[in-house]
Amino acid sequence: MPIDFHDQNNQSTYASREAEASWISTIGRYVPLQGKRVLDIGCGGGIYTKALALSGAAQVTGMDFSAEMLKGAAENCRDIPNISFARGNALDTGLKDGQFDIVLERALIHHIRDLGACFREAQRVLKPGGTFIIQDRTPEDCSLAGSPTHIRGYFFEKYPKLLEQEIQRRYSGSEVIDALRQTGFVLNAEFSYWETRKSYRDFEQLGLDLLNRTGRSLLFELTDDELSELVNFIGQHLASGQPIQEQDRWTVWIAEK
Ligand SMILES: C[S@@+](CC[C@H](N)C(=O)[O-])C[C@H]1O[C@@H](n2cnc3c(N)ncnc32)[C@H](O)[C@@H]1O
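Residues numbered from 1 in each chain as written. Predicted model: local features only at pLDDT ≥ 70, side-chain atom pairs only at ≥ 80, totals over all residues. Heavy atoms only, no water.

Trainee: Even after reading the chapter, I still don't get the pairing of strand β4 (residues 100-106), so can you show me in this structure?
Mentor: Look at any regular strand and the pattern is simple: side chains alternate between the two faces of the sheet. Counting buried positions along β4 yields seven of seven residues, so the element is predominantly enclosed. The pairing of β4 with strand β5 (residues 126-136) spans six bridges and is classified as parallel. Across the sheet, F100 pairs through a bridge with L126, a residue of β5. A crossover connection joins β4 to the parallel β5 through helix α4 (residues 115-125); in handedness this β-α-β unit is right-handed. (Buried < 20%, exposed > 50% of the residue type's maximum accessible area, 1.4 Å probe, protein only. Helix = DSSP H or I, 4+ residues; strand = E, 2+ residues; numbered from the N terminus. Pairing = 2+ DSSP bridges. Right-handed = clockwise from strand over helix to strand, strands pointing away.)

Trainee: How do you make sense of the nonpolar core when you look at a structure like this?
Mentor: For soluble globular proteins, the rule of thumb is that nonpolar side chains tend to be buried together. Among the nonpolar cores identified, the biggest contains 26 residues, and L39, V103, F119, F132, I134, V176 and L180 are the most heavily contacted of them. For this core, the secondary structure elements donating two or more residues are β1 (37-41), β4, α4, β5, α8 (173-183) and β7 (244-256). With five residues, the single largest contributor to this core is α4. Residues in contact with V176, not counting those within four places in the same chain, are I109, L115, F119, I134, Y171 and W253. Grouped together as the second largest cluster of nonpolar side chains are 25 residues, V31, V60, I83 and I254 included. (Core = buried A, V, L, I, M, F, W, Y, C linked by side-chain atoms within 4.5 Å. Contact = heavy atoms within 4.5 Å.)

Trainee: Help me understand unusual backbone geometry in this model?
Mentor: Residues other than glycine predominantly adopt negative phi, and peptide bonds predominantly adopt the trans conformation. Non-glycine residue D79 carries a positive phi angle of around 75°. With respect to the secondary-structure elements, D79 resides in the loop between α3 (67-76) and β3 (83-87). Of note in this structure, R213 is not a glycine but carries a positive phi near 60°. Among the structural elements, R213 can be located in the loop between α9 (203-211) and α10 (224-237).

Trainee: Help me out: how do you make sense of the side chain of S172 in this one?
Mentor: One can find S172 in the loop between α7 (160-169) and α8. Assessed through its relative accessible area of 18%, S172 is described here as buried. Non-local contacts of S172, meaning those with residues more than four positions away in its chain, are made with T138 and P139.

Trainee: Looking at this structure, how should I read the site of the ligand?
Mentor: Near the ligand you find 18 residues, and of these G42, D64, N89, A90 and R106 are the closest. Within the side chain of N89, a nitrogen or oxygen atom sits 3.0 Å from a nitrogen atom of the ligand. In the model, an oxygen atom of the ligand is placed 2.6 Å from a nitrogen or oxygen of the R106 side chain. Within the complex, the protein chains bury 97% of what would otherwise be the 600 Å² of accessible surface of the ligand. (Near = heavy atom within 4 Å. Polar contact = N/O pair within 3.5 Å; in protein donor to acceptor, adjacent residues only side chain to side chain. Areas by Shrake-Rupley, 256 points an atom, 1.4 Å probe, with all protein chains shown as cover.)

Trainee: Teacher, can you tell me more about the packing of α9 against α10 here?
Mentor: Axis angle and axis distance: for two packed helices, these are the angle between their axes and the distance between the axes, and together they describe the pair. Running from amino to carboxyl end, α9 crosses α10 at an angle of 155°, the nearest separation of the two axes being 10 Å. Overall, the two elements α9 and α10 adopt an arrangement that is roughly antiparallel. With respect to the hand of their crossing, α9 and α10 are arranged in right-handed fashion. Contacts between α9 and α10 pair F203, L206, G207, L210 and L211 from the former with L227, S228, V231, I234 and G235 from the latter. (Axes fitted to C-alpha atoms, helices over the stretch in contact; angles between N-to-C directions. Parallel < 35°, antiparallel > 145°, perpendicular 65-115°, else oblique. Left-handed = near helix turned anticlockwise from the far one by under 90°.)

Trainee: What exactly am I supposed to notice about the pairing of strand β2 (residues 59-64) here?
Mentor: Buried residues dominate β2, accounting for six of its six residues. Side-chain alternation along β2 places Q59, T61 and M63 on one buried face and V60, G62 and D64 on a second face that is also buried. Looking at chain direction, β1 and β2 are connected through five bridges and run parallel. Paired with D40 across the strands is G62, a residue of β2. Judged from the five bridges that link them, β2 and β3 form a sheet pairing that is parallel. Bridging from a neighbouring strand, T61 pairs with S84 of β3.

Trainee: Explain the packing of α4 against α8 to me, please; I cannot follow it from the model alone.
Mentor: Across the interface, α4 lies against α8 with an axial gap of 9 Å and an inter-helix angle of 50°. As summarised for this structure, α4 and α8 are arranged oblique, according to the angle between their axes. In terms of crossing hand, the pair formed by α4 and α8 is right-handed. Residues L115, G116, F119, R120 and Q123 of α4 form the contact with α8, whose own contacting residues are E175, V176, A179, L180 and T183. Its residues placed into classes, the contact of α4 with α8 shows five nonpolar, three polar and two charged. (Nonpolar A, V, L, I, M, F, W, Y, C, P; charged D, E, K, R; others polar.)

Trainee: Would you mind showing me how to read the sheet that holds β4 here?
Mentor: Strand pairs in the sheet, formed through backbone hydrogen bonds, run parallel or antiparallel to each other. Spatially, β3-β2-β1-β4-β5-β7-β6 is the arrangement adopted by the seven strands of the open sheet, whose pairing is mixed. Each edge of the open sheet is held by one strand with a lone partner, namely β3 and β6 (186-200). When the angles between neighbouring strand axes are averaged without regard to direction, this sheet yields 20°. Lying over the sheet, α4 contacts β1, β4 and β5, oriented at roughly 140° with respect to β5.

Okay, here's the thing in structure tokens:
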């Protein structure tokens, strides 16, 4: 069964880790953040809303269509004055035209069927010359083999049916670029980026994270028994008692209005 973003039990699933420092420095190399007004659409638990607000942005609005996600995000970002949250849909945010210097959509577009409508809405709320940052995994990113750092690859080695499902919901680089151009954006950059998702003391800690399906919408497709088998399978590939640094490969697109 797919993840239900509106279920209270999933409130903190995208709020339970911090963005790695090199994420902000990588984004900052392409897009100056200092003094900027930013909209983080599909903000989930506010991990990246927080990173942007603490890295020089003047004001960051985190938006999500799930009230439960926004509750988790508000808790995660409490005491940070330059953040606000609003409930809204990526296809129809309800925000005024031309307000933002930067719009971020991280790990959102694979949940969106009408990419054109989504990009038109981002363009509408951006100021002229504003920057649109999209980060998601393409089918190529998803198809990389498992390794002691690329844990996600083991999911597909164990359950090839998951890879089929995963690829079906992911956009290729050319689909994203075509939709950006059709919306009138100018593409400034497209690059691959290995992001450290989380560091674990040992396999036991990773196993718990997997069993809780934390921040991993794909694992909601598995039954509890299938998930336990997956955790055992991954355990067979990793040295016991050793720390694990889990990384995922992403594609980032940076476009200008
Ligand atoms: C995979 S999570 C990513 C969260 C966050 N951006 C991150 O990278 O940690 C996707 C988020 O997008 C939200 N979402 C999905 N479809 C949406 C839509 N049409 N409009 C607004 N939010 C949406 C979900 O509620 C969820 O919080």
